[in-house]
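Here is how the chains run, residue by residue.
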Amino acid sequence: MNQPQQAHEDAPGFAARRVAADIIDGVLRRARPLDEQLDGRGANVGLAHLADRDRALVRRIVATVLRRLGSLRHLVGGFLDRGLPRDAPRAETALLIGAAQILLLGGPAHAAVDLSVRLAQADRHAARYAGLINAVLRRMAREGAARLEAIDPAALDTPEWLMQRWTAAYGGETARAIAAVNATEPALDLTVKSDAAEWAGKLRGRVLPTGSVRTLPHGPVPLMPGFAEGAWWVQDAAAALPARLFGDLAGLRVADLCAAPGGKTLQLAQAGAQVTALDRSEPRLARLRENLQRCALTAEVVAADAIEWSGGPFDAVLVDAPCSSTGTIRRHPDIAWLKRPADLVALTALQRRLLERAVALTRPGGTIVFCTCSLEPEEGEQLVAALLADHPEVRRKPISANEFSGLDGLISLAGELRSLPCQWPDTDPHLAGLDGFYATRLERI
């Protein structure tokens, strides 16, 4: 390693920014999902060499850049007479990270400028733009805050095709409210095995209307009270609702299709069901097994493609189908920039096949709950309406708002569950909202 390169490596904070830049480039240049780069076998190798504090910083930088990508690109572009260098993508990444730190994350502006310049200097393509990056970010430090106040983040930070779809489905005001919530870092939601109030106290959180516990992260999740002993698991409050739509499951045979990473499987097992958890991804099933063991719960875990698997019949089947995941952009901000309208065609076809397979696996009189974490009606209301029209052996079992607490405002006139990220407002934006989810309950006649 040459001396200039070593100087960059030794600069405080540089290693974390370099890993953050690598991950952002993975999303924007190579379409690699964020979760894949943060955890598991495909995680960025640099993360393992960082202290916990720096790993947390990496996550904050990456999430902030992706949540506010449209705004940051607009602001950076306003200081560039000739646009971004096309032959050095790392130059844009360095500018985005620097701008995010100066305008959104706090800390000394001079340090943000210096580290972004170093990021460029450490890249053979971007090194010649180090002076440009220095000049742009210095101007950003002087003038950026005022320009940030003048822009419309809801329009800039949501891809136009998504904003158009949400406006058509929910109206312009709601679409903008969803976009506004997606721009803020979410809280941590937990499903507890028992005594939610006690755990809310221990974790400095609150009990939500549906019984989940909401808190703000205090260090790494595995070090939080109750994790090691399996008293709770991480699960968005909306994601915790579909499994509860079955009612009393004690002693019933239940299949959880597309089960990994396992939050709903844990709920079903905790409710006393005899659970068969199915997923085609063995690596994702490994985490499900770990969670079952940690929480002292049992389920039969099967690695198989649900569409081809032969089993059953079951008393109940849960299908949490692969989808566009547009209801979870707040937690997974890369989704907004990785998904395309054309993706819906293949996804809805897969969802239809999974739902039909669920019907086949369910005994007459049994219950099917189908859900997706998508805001797109094609992956929810429209899909189920088409299935019901084609399958007279299936009927809807409408959900009512009084089945358990917290469902007010989440149940449609047709008796389906539809949560939106902008629901559950709070004076603290980090404690507001929930994932966008769709769920319906069906009966096989």
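Overall, the coordinates contain 32 salt bridges when judged by the stated rule. Residue Arg331 pairs with Asp189 through a salt bridge whose shortest N-O separation is 3.7 Å. Placement of the pair is Arg331 in the loop between strand E8 (314-320) and helix H15 (335-338) and Asp189 in strand E1 (residues 188-192), with a sequence separation of 142 residues. Given the relative accessible area of 1%, Asp189 is considered buried. With a closest N to O distance of 2.9 Å, Asp236 and Arg331 form a salt bridge. A residue pair is termed long-range when its members are at least 10 positions apart, and Asp236 in the loop between strand E4 (232-234) and strand E5 (253-257) and Arg331 in the loop between E8 and H15 qualify at 95 residues. Looking at Asp236, the relative accessible area reads 7%, which means it is buried. According to the relative accessible area criterion, Arg331 is partly exposed, its value standing at 27%. It is possible to trace a salt-bridge network through shared partners that takes in Asp22, Asp25, Arg29, Arg73, Arg90 and Glu92.

It is at 9 Å that the axes of helix H2 (residues 14-30) and helix H4 (residues 52-67) come closest, and there the two elements cross at 40 degrees. Judged on the interaxial angle alone, H4 and H2 are oblique. For the element pair H2 and H4, the recorded crossing hand is right-handed. Contact with H2, carried on its side by Ala16, Arg17, Val19, Ala20, Ile23, Ile24, Val27 and Leu28, involves Asp54, Leu57, Val58, Ile61, Val62, Val65 and Leu66 of H4 and no other residues of that element. Residues that form the contact of H2 with H4 fall into these classes: 13 nonpolar, no polar and 2 charged.

This part takes up the nonpolar core. Ranked by internal contacts, the top residues of the largest apolar core, which has 65 residues, are Val58, Val65 and Met140. Contact partners of Val58, with chain neighbours within four places excluded, come to Ala16, Val19, Ala20, Ile23, Leu47 and Leu50. Grouped together as the second largest cluster of nonpolar side chains are 40 residues, Ala269, Leu297, Leu410 and Leu434 included.

Let us now look at the packing of aromatic side chains. Taken as a whole and assessed by the stated rule, the structure comprises 2 aromatic pairs. When the ring centre of Phe404 is taken as reference, the NZ or CZ atom of Arg244 above it lies at 4.0 Å. Above the ring of Phe314, the side-chain terminus of Arg253 is found at 4.6 Å from the ring centroid.

Spanning 21 residues, helix H8 (residues 130-150) covers 28 Å between terminal C-alpha atoms, matching the ideal 30 Å at 1.5 Å per step. All of the buried residues in H8 are Ala130, Ile133, Val136, Leu137, Met140, Gly144 and Leu148.

Let us look at empty space enclosed by the protein. For the structure on display, the rule yields 2 cavities of 30 Å³ or more. The space that makes up the largest cavity amounts to roughly 100 Å³. For the largest cavity, the lining is made up of 15 residues, of which Arg67, Asp157, Thr158, Asn182 and Ile329 are closest to its centre. Counting residues per element, the ones that place at least two in the lining of the largest cavity are H4, helix H9 (153-156), helix H11 (172-182) and H15. For the lining of the largest cavity, the residue count by class is 11 nonpolar, 2 polar and 2 charged. Of the voids in this model, the second largest cavity is the one considered here, and its volume is about 70 Å³. Considering the residues around the second largest cavity, the lining is formed by 13 residues, among which Asp236, Arg330, Arg331, Leu434 and Asp435 are closest to the centre. The residue makeup of the lining of the second largest cavity, split by class, is 5 nonpolar, 3 polar and 5 charged.

The rules we used
- Residues numbered from 1 in each chain as written.
- Predicted model: local features only at pLDDT ≥ 70, side-chain atom pairs only at ≥ 80, totals over all residues.
- Heavy atoms only, no water.
- Salt bridge = Lys/Arg side-chain N within 4 Å of Asp/Glu carboxyl O.
- Helix = DSSP H or I, 4+ residues; strand = E, 2+ residues; numbered from the N terminus.
- Buried < 20%, exposed > 50% of the residue type's maximum accessible area, 1.4 Å probe, protein only.
- Axes fitted to C-alpha atoms, helices over the stretch in contact; angles between N-to-C directions.
- Parallel < 35°, antiparallel > 145°, perpendicular 65-115°, else oblique.
- Left-handed = near helix turned anticlockwise from the far one by under 90°.
- Contact = heavy atoms within 4.5 Å.
- Nonpolar A, V, L, I, M, F, W, Y, C, P; charged D, E, K, R; others polar.
- Core = buried A, V, L, I, M, F, W, Y, C linked by side-chain atoms within 4.5 Å.
- Phe/Tyr/Trp six-rings, centres within 6.5 Å; stacked < 30°, edge-to-face > 60°.
- Lys NZ or Arg CZ within 6 Å of the ring centre and 35° of its normal.
- Expected span 1.5 Å × (residues − 1).
- 1 Å grid on protein atoms, 1.4 Å probe; cavity = no way out; pocket = protein on both sides within 12 Å on 5 of 7 lines; lining within 4 Å.
- Points joined across faces, edges and corners; volume = space filled by probe spheres on them.

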